[in-house]
Amino acid sequence: MVTLEFRYIWAFAALMAASHMAAAQAPPAGPPARFLVVLDAAHGGDDPGGRLSNGQAEKTFTLALGVRLRSLLAARGIQVVTTRESDATVNLNRRAEVANHSNAAACLSLHASESGSGVHLFVSSLAPAEPARFAAWKTAQAAWVTRSLALAGVLNSALLHAGINVTLGSAALPAVDSMACPAVAIEIAPDRDSSHAVTAGLDDPGYQARVASALAAAILEWRTEAARP
Ligand SMILES: [Zn+2]
């Protein structure tokens, strides 16, 4: 928890710096680009991910959350591309390729964990860099870190608004680090009270619905911000 708190402070400071930088930038010219979201259900196939307390594999949880979120977004007219639709093995490069070929306005990489509390949002720990014509594959996210922090801020607000604990952090994220779009890794953990007792487990349908609708609300807000002149 100490590490998470430290990272939280770091990410919060970076988030504040990012919002100042965003304010100083000129508004984008021309008509808004098509708004498309990539949902990356982490793990799958040969890679089960972690094991959840009810015996379910993380890969099953992330796929179910991805499917649920896709239908919430589709119902609101948002185009969604997924990195997998079934229990398939998809390597990390392929996930980044899907994101990069679809020119996504946002990419959410979905994970689950029994440790920690609420929802953990991770942005890439790559140092922010200027966009380059030919970005190196492994560090393509560097040019997008500032936008990814802004996306994490919108996700943070929506989750807090839904009464869900949020931890912000940064990490080396092999798939996300190669994505050339605003990208956040989202790890769902059980909801806990201040004494760390579980108040809603990962298999709680009400909690799953609350997390999915908060994430959908955040994407709608992100679309609104993207369309703002
Ligand atoms: Zn995972």
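Residues numbered from 1 in each chain as written. Predicted model: local features only at pLDDT ≥ 70, side-chain atom pairs only at ≥ 80, totals over all residues.

**A short note on the nonpolar core**
Stated formally: A set of buried Ala, Val, Leu, Ile, Met, Phe, Trp, Tyr and Cys residues, joined to one another through C-beta atoms within 7 Å, is what we call a nonpolar core. To assign burial, the other C-beta atoms lying within 10 Å of each residue's own C-beta are counted, with C-beta atoms placed from the backbone; 20 or more indicates buried, 12 or fewer indicates exposed, and intermediate counts indicate partly exposed. In this description a helix means any DSSP run of H or I spanning at least four residues, a strand means any run of E spanning at least two, and both kinds are numbered starting from the N terminus. Any pair of residues counts as being in contact when their C-beta atoms, constructed from backbone geometry, are within 7 Å of one another.
By size, the foremost hydrophobic cluster in this structure holds 59 residues, and its most contacted members are Ala 106, Leu 155, Met 179, Val 184 and Leu 215. Per-element accounting of this core gives the leading share, 9 residues, to helix H4 (residues 145-161). If we skip the residues at most four places from it in the chain, Val 184 touches Leu 108, Leu 121, Phe 122, Val 123, Ser 148, Leu 151, Ala 152 and Leu 155.

**Overview of the pairing of strand S3 (residues 106-112)**
The following threshold applies: Paired strands, in this sense, are two strands between which DSSP finds at least two bridges.
Taking burial as the measure, the 7 residues of S3 include 7 buried ones, the bulk of the element. Taking every second residue as pointing to the same face, both faces of S3 are buried, with Ala 106, Leu 108, Leu 110 and Ala 112 on one and Cys 107, Ser 109 and His 111 on the other. By the bridge criterion, 5 bridges tie strand S1 (residues 36-41) to S3 in an arrangement that is parallel. Within the sheet, the bridge partner assigned to Asp 40 lies in S3 and is Ser 109. In terms of strand pairing, S3 meets strand S6 (residues 183-188) through 6 bridges, oriented parallel. Each residue of the ladder has a partner; that of Ser 109, found in S6, is Ala 185.

**Digging into the packing of H4 against helix H6 (residues 205-227)**
Formally: Only the stretch in contact is used when a helix axis is fitted, and all axes are lines through C-alpha atoms; the angle between N-to-C directions ranges over 0 to 180 degrees. An angle below 35 degrees is read as roughly parallel, one above 145 as roughly antiparallel, one from 65 to 115 as roughly perpendicular, and any other as oblique. Each crossing gets its handedness from the near helix: less than a right angle anticlockwise from the far helix is left-handed, clockwise is right-handed. Put simply, Ala, Val, Leu, Ile, Met, Phe, Trp, Tyr, Cys and Pro go in the nonpolar bin, Asp, Glu, Lys and Arg in the charged bin, and everything else, Gly too, in the polar bin.
Where H4 contacts H6, the axes come no closer than 8 Å and their chain directions differ by 135°. Comparing the axis directions of H4 and H6 gives the class oblique. For H4 against H6, the interelement crossing comes out right-handed. Residues Leu 151, Val 154, Leu 155, Ala 158 and Leu 159 of H4 form the contact with H6, whose participating residues are Ala 214, Leu 215, Ala 217, Ala 218, Glu 221 and Trp 222. Its residues assigned to classes, the contact of H4 with H6 comprises 10 nonpolar, no polar and 1 charged.

**Some thoughts on the confidence of the model for the chain**
To keep it simple, the criterion reads: For every residue, the predictor reports its confidence as pLDDT, a number between 0 and 100.
Scored by pLDDT, the chain has a mean of 87; 86% of the residues are at 70 or more. Within the model, pLDDT remains below 50 along residues 1-31, and this stretch shows 26 contacts once partners closer than five positions in the same chain are excluded.

**Focus: the pairing of strand S5 (residues 166-171)**
As a reminder, the rule being used: For the handedness criterion, the strands are oriented away from the viewer, and a crossover whose path from the first strand over the helix to the second runs clockwise is classed as right-handed.
Pairing analysis gives 6 bridges linking strand S4 (residues 119-124) to S5, with the strands arranged parallel. Paired with Phe 122 across the bridge in S5 is Gly 169. Crossover S4 to S5 through H4 is right-handed.

**Some details on the sheet that holds S3**
Strand order in this open sheet of 6 strands is S2-S1-S3-S6-S4-S5, and the pairing throughout is mixed. The two strands at the open ends of the sheet, each matched to only one other strand, are strand S2 (79-82) and S5. When strand polarity is set aside, the average angle formed by the axes of neighbouring strands in this sheet is 25°. Each of S1, S2, S3 and S6 is contacted by helix H2 (residues 58-75), which is oriented at about 145° to S3, the strand it contacts most. Across the sheet, helix H3 (residues 92-101) lies against S1, S2, S3 and S6, angled at about 170° from S1, the strand it touches most.

**Description of the environment of Ala 183**
Note that Ala 183 resides in strand S6. For the pair Ala 183 and Ser 124, spaced 59 residues apart in the sequence, the C-alpha separation amounts to 8.2 Å. With residues near it in sequence (within four places) discarded, Ala 183 still touches Ala 99, Cys 107, Ser 109, Gln 141, Trp 144, Ser 148 and Val 176.

**Quick notes on unusual backbone geometry**
Positive phi values are uncommon outside glycine, yet Asn 103 reaches one of about 50°. Looking at where Asn 103 falls in the secondary structure, it is placed in the loop between H3 and S3. Notably, His 196 is not glycine yet its phi reads approximately 75°, a positive angle. Tracing the backbone shows His 196 in the loop between strand S7 (191-192) and strand S8 (198-200).

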